[in-house]
Amino acid sequence: MTDRPILFSGPMIRSLLAGTKTQTRRALGQFDVFRLADGSEAPVSCLHVEGESLPRVTIGRVVIERKLKAAVGDRLWVKETHARVGDNGDDHMACPDLTRLVYYRADDVQPELSRWRPSIFMRRQDSRLTLIVTDVRVERLQDISEADAIAEGIERHHSGWMPYSTAFYEADGVTPANYHVDPRESYRSLWNKINGFGAWEANPWIAAYTFTVIKQNIDQIEREAA
């Protein structure tokens, strides 16, 4: 088990808090997949190599250098856009208990006398969500099932499906065109919105991580269990 940070956007944070998101997919980048004698692609998966903390991508029986970002059993502490009231940079060094003054942008609140900090700059002590990885697999993006699309945070709205409630489309305004009969289609529109036009159609290899959400700071979990 290893503790690792992971970044999520505001709409995804709200979905984690609501308990509707238990999976995330991350692109693995490009790598060559050889073909078998029948012309089909060799199966791509992942393997936990003894002595290594992260699983590696396998193509057929070949283990390549490409590694995933997390392994089963890892704890991921979530980094999100935040602010600290009265934080002048290094105030936390003089007063480590400033964690109680942290605001989270996903909560739709406006802190006074402070500024929003991008998720990349969040400190471990300020994180409020911990994810326990329960499953890791490698697949093509378009192989996602309806159940997995829903686990990604796609929610039912009236007669259709939409990603992360209306929050994801607040900037554009919600129209009937945002709804899809198939949750996979809703996830396709979400993936293209995040990664750019045509990203879904490129059908990249991705790592799919399934997790349990704990609404606590990663270190608070240990303190309460002691």
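Residues numbered from 1 in each chain as written. Predicted model: local features only at pLDDT ≥ 70, side-chain atom pairs only at ≥ 80, totals over all residues. Heavy atoms only, no water.

Caption draft 1: Seen up close, the sheet that holds strand S5 (residues 62–67). The antiparallel open sheet is built from three strands, whose spatial order is S3-S4-S5. Edge strands, defined here as strands with exactly one partner in the open sheet, are strand S3 (44–47) and S5. Looking at each pair of strands side by side, their axes are set apart by 40° on average, direction ignored. Relative to strand S4 (residues 56–59), S3 is paired through four bridges, and the arrangement is antiparallel. (Pairing = 2+ DSSP bridges. Helix = DSSP H or I, 4+ residues; strand = E, 2+ residues; numbered from the N terminus. Axes fitted to C-alpha atoms, helices over the stretch in contact; angles between N-to-C directions.)

Caption draft 2: Quick peek at the confidence of the model for the protein chain. Looking at the protein chain as a whole, its pLDDT mean stands at 85, while 83% of the residues score no less than 70. Averaged pLDDT values over the elements of the protein chain bottom out at 46 in helix H2 (residues 91–94) and peak at 98 in strand S6 (residues 75–79). In this model residues 90–94 is a low-confidence stretch, pLDDT under 50, and it forms six contacts with partners more than four residues away in sequence or in other chains. (pLDDT = per-residue confidence, 0-100. Contact = heavy atoms within 4.5 Å.)

Caption draft 3: Molecular detail of the packing of aromatic side chains. A complete count under the given rule lists three aromatic pairs for this structure. On the numbers, 6.1 Å between centres and 50° between planes, the contact of Tyr187 with Trp191 is tilted. Placement of both Tyr187 and Trp191 in helix H4 (residues 183–195) is noted, with a separation of four residues, approximately one turn of the helix. The interplanar angle of 75° and the centroid separation of 6.5 Å between the aromatic rings of Tyr187 and Trp200 together place this pair among those described as edge-to-face. Residue Tyr187 is located in helix H4, and its partner Trp200 is located in the loop between H4 and strand S12 (205–214); the two are separated by 13 residues in the primary sequence. Tyr187 sits in the buried class, given a relative accessible area of 3%. Ring pairs connect the aromatic residues Tyr187, Trp191 and Trp200, which therefore count as one cluster. Geometry around Phe8 places Arg26 over its ring, the cationic atom sitting 4.9 Å from the centre. In this arrangement the basic side chain of Arg128 is found over the ring face of Tyr104, its NZ or CZ atom lying 4.0 Å from the centre. (Phe/Tyr/Trp six-rings, centres within 6.5 Å; stacked < 30°, edge-to-face > 60°. Buried < 20%, exposed > 50% of the residue type's maximum accessible area, 1.4 Å probe, protein only. Lys NZ or Arg CZ within 6 Å of the ring centre and 35° of its normal.)

Caption draft 4: Structural context of a nonpolar patch on the surface. Together, Leu7, Ile120 and Phe121 give the surface a local cluster of nonpolar side chains, amounting to about 290 Å² of exposed area. Tracing the chain through its elements places Ile120 in the loop between strand S8 (102–104) and strand S9 (130–140). (Patch = residues over 30% accessible without salt bridge, like charges linked within 9 Å, V, L, I, M, F, W, Y side chains within 5 Å. Areas by Shrake-Rupley, 256 points an atom, 1.4 Å probe, with all protein chains shown as cover. Salt bridge = Lys/Arg side-chain N within 4 Å of Asp/Glu carboxyl O.)

Caption draft 5: The arrangement of the pairing of S5 in detail. By the bridge criterion, three bridges tie S4 to S5 in an arrangement that is antiparallel. If you follow Arg56 over to S5, its bridge partner there is Lys67. Counted between consecutive antiparallel strands, the loop separating S4 from S5 contains two residues, among which Gly60 sits at a positive phi close to 65°.

Caption draft 6: Representation of the sheet that holds strand S1 (residues 3–7) within the structure. Spatially, five strands are ordered S1-S6-S9-S12-S2 in an open sheet, and the strand pairing comes out mixed. For this open sheet the edge positions go to S1 and strand S2 (23–27), each flanked by a neighbour on one side alone. Strand-to-strand twist across the sheet, computed as the mean angle between neighbouring axes with direction ignored, equals 40°. As defined by bridge partners, S6 adjoins S9 across three bridges and the pair is classed as antiparallel. From the neighbouring strand, Trp77 faces S9, where its bridge partner is Thr130.

Caption draft 7: Up close: the pattern of salt bridges. Tallied over the full model, the rule gives 20 salt bridges. Its salt-bridge partner being Glu52, residue Lys67 comes within 4.0 Å of it at the nearest N-O pair. Residue Lys67 is located in strand S5, and its partner Glu52 is located in the loop between S3 and S4; the two are separated by 15 residues in the primary sequence. Across the pair Arg84 and Asp126 runs a salt bridge whose closest N-O atoms are separated by 2.5 Å. One end of the pair, Arg84, is in strand S7 (residues 82–84); the other, Asp126, is in the loop between S8 and S9, with 42 residues separating them in the sequence. Like Arg84, the residue Asp126 is buried in the burial classification. When salt bridges with common partners are traced through the structure, they connect Lys21, Arg25, Asp135, Arg137, Glu139, Asp148 and Glu152 into a single cluster.

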